[in-house]
Amino acid sequence: MTELNFKGKEFVYNHHLAVPFRPLVPHPEKGIGPVALDGNLIIHGDNLHALKALLPMYAGKVDCIFIDPPYNTGSVGWAYNDNVNSPMVKEWLASNPINVEDSLRHDKWCAMMWPRLRLLHELLSEEGSFWMTLDDNEIHRGRALLDEIFGQENFIACCVWQKRYSRENREAIGDVHDYILVYANNPKHFKKVRNKVPMTEEQGKVYRNTNNDPKGPWRTIPITAQAGHATADQFYEIVSPSGKVFTPTEGRCWGLSKKTFEQLRDEGRIYFGKNGDAQPNLIRYLSEVEGMVPWTWWPSDEVGHTDESKKEIHDLFGRADAFDTPKPLRLMSRIIDIATNPTSIVLDSFAGSGTTAHAVLKANSRDGGK
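Residues numbered from 1 in each chain as written. Predicted model: local features only at pLDDT ≥ 70, side-chain atom pairs only at ≥ 80, totals over all residues. Heavy atoms only, no water.

Draft legend 1. Spatial organisation of the overall build of the chain. If you tally the helices and strands in the chain, you get 13 helices and 13 strands. C-alpha extents for the chain along the principal axes are approximately 85 × 45 × 45 Å. For the chain, the proportion of its 370 residues judged to be buried stands at 42%. With 43 positive and 48 negative side-chain charges, the chain shows a spacing of 3 Å between the two charge centroids. (Helix = DSSP H or I, 4+ residues; strand = E, 2+ residues; numbered from the N terminus. Buried < 20%, exposed > 50% of the residue type's maximum accessible area, 1.4 Å probe, protein only. Lys, Arg positive; Asp, Glu negative; His and termini not counted. Charge placed at Lys NZ, Arg CZ, Asp CG, Glu CD.)

Draft legend 2. Highlighting the state of the cysteines. For the structure shown, the criterion picks out zero disulfides. In this model C64 remains outside any disulfide bridge; the closest cysteine sulfur is found in C159, 12 Å from its own. According to the relative accessible area criterion, C64 is buried, its value standing at 0%. (Disulfide = S-S within 2.5 Å.)

Draft legend 3. Main features of the pairing of strand β4 (residues 177-184). Most of β4 sits out of view: seven of its eight residues are buried. The pairing of strand β2 (residues 124-134) with β4 spans six bridges and is antiparallel. Paired with M132 across the strands is L181, a residue of β4. Of the pairings in the sheet, the one linking strand β3 (residues 155-162) to β4 comprises seven bridges and is antiparallel in character. The residue bridging F155 from the neighbouring strand is Y183, located in β4. (Pairing = 2+ DSSP bridges.)

Draft legend 4. Quick look at the nonpolar core. One finds I67, Y80, M113, L117, F130 and L145 to be the most contacted residues of the largest nonpolar core, which totals 43 residues. Among the elements of the structure, α3 (47-58), β1 (62-67), α4 (87-93), α5 (105-123), β2, α6 (139-151) and β4 are those that each provide at least two residues to this core. A per-element tally of this core places α5 first, with 10 residues. (Core = buried A, V, L, I, M, F, W, Y, C linked by side-chain atoms within 4.5 Å.)

Draft legend 5. Representation of the packing of aromatic side chains in the model. By the definition in use, this model includes 10 aromatic pairs. A centroid spacing of 6.0 Å and a plane angle of 50° characterise the contact between F150 and Y183, whose relative ring orientation is tilted. Residue F150 is found in helix α6, and its partner Y183 is found in strand β4; the two are separated by 33 residues along the sequence. Aromatic rings pair up to connect F130, F150, F155 and Y183 into one cluster. Taking the ring centre of Y13 as reference, the NZ or CZ of R118 above it sits at 5.1 Å. Looking at R219, its charged tip hangs above the ring of Y207, at a distance of 5.9 Å from the centre. (Phe/Tyr/Trp six-rings, centres within 6.5 Å; stacked < 30°, edge-to-face > 60°. Lys NZ or Arg CZ within 6 Å of the ring centre and 35° of its normal.)

Draft legend 6. Focus on the sheet that holds β2. Read from one edge of the open sheet, six strands run β12-β3-β4-β2-β1-β13, paired in mixed fashion. This sheet does not close on itself; its edge strands, each paired only once, are β12 (297-298) and β13 (346-347).

Draft legend 7. Local environment of the environment of N185. Structurally, the position occupied by N185 is in the loop between β4 and α7 (187-193). You can call N185 buried: its relative accessible area is 16%. Distance from N185 to S125, taken between C-alpha atoms, is 7.4 Å for residues 60 residues apart in sequence. The residues contacting N185, other than those within four sequence positions of it, are H121, L124, S125, E126, G128 and N154. Here the side chain of N185 touches H121 through a polar contact of 3.4 Å, side chain to side chain. (Contact = heavy atoms within 4.5 Å. Polar contact = N/O pair within 3.5 Å; in protein donor to acceptor, adjacent residues only side chain to side chain.)

Draft legend 8. Molecular detail of unusual backbone geometry. N96 connects to P97 through a cis peptide bond whose omega is -10°. Tracing the chain through its elements places P97 in the loop between α4 and α5. At N72, a residue that is not glycine, the phi angle is positive and equals roughly 60°.

Draft legend 9. Focus on the packing of helix α12 (residues 329-339) against helix α13 (residues 355-367). As a packed pair, α12 and α13 sit with axes 9 Å apart at the nearest point and diverge in direction by 60°. As judged from the angle between their axes, α12 and α13 are oblique. Judged by the sense of rotation from one axis to the other, the crossing of α12 with α13 is right-handed. Contact residues: α12 offers L329, M332, S333, I336 and D337, while α13 offers T355, T356, H358, A359, V360, K362, A363 and R366. Counted by class, the contact of α12 with α13 contains six nonpolar, four polar and three charged residues. (Axes fitted to C-alpha atoms, helices over the stretch in contact; angles between N-to-C directions. Parallel < 35°, antiparallel > 145°, perpendicular 65-115°, else oblique. Left-handed = near helix turned anticlockwise from the far one by under 90°. Nonpolar A, V, L, I, M, F, W, Y, C, P; charged D, E, K, R; others polar.)

Structure follows, in structure tokens:
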């Protein structure tokens, strides 16, 4: 497997093992209800130390991890402050904050992320999924780190979030999107248990009821498929009500066995066109559609944008600059809705504005979950 090399990697490779375990110290006056370390937690402190503190109780138990780490744009300073036993790394500590003039800022970002990703991987459950937002500054290095730590075979998708809905004219080519990298410890299981997303109003418009069907709006679905792995009972003639005979074209087969087709036809689930002489299609009713399979394009009208997130921050705190880079609640709700069930454990170890917690509380309120 191809590995990502960066300055300092040999010093941070096993740094997560050297980080001492620290106790979680409750502050009852800042909480709600009785102290419960196995309940909802907001942890104040270095996230590397916090992750190590969570390890004894939550190793292999977290079902959904979302992180929104520093994008390392160079325009907003962040500090590398890990106590790594290396003269080179100690020199890094004297050059904080990290800015665009720092020629090693990408190496420092990788060195900061490596031990945290190692601990997050230990915390993720066998059935869990991991989600990380980035932009073009570190997306390629971020994916290389995750391929190495989580395994490239566990890559699920790189989603594109349209963070702006209006034109961006400051650059040579306007920057209007960020990325969301998705990994899972067991991709086959994740495919089975991930939830679908609600159908949009636009997607629902393709379902119509031109014949006043009592079952409601419907659409047609083609019933042919590629013939590469077809069985013998997927090749047969279909006779339409008008008497016209249909067979699959070269290289295609029927996607249904003859027995299944005949059953669906007898149930009135096959459509031959208005005049009964068109190629057969399956009828699918809108009432049967539980949702849509998530895909990698996440438009702003479905999951929000940066203007929306700033307005949310303003509504909560009275000022839009209370946090520099908040994520919209709808974006986090989309991730939570896809990746969790009512008993899931969710972790955000770069919890800047608390939107992940907001989305979890919203989900609990909606379905009575925990």
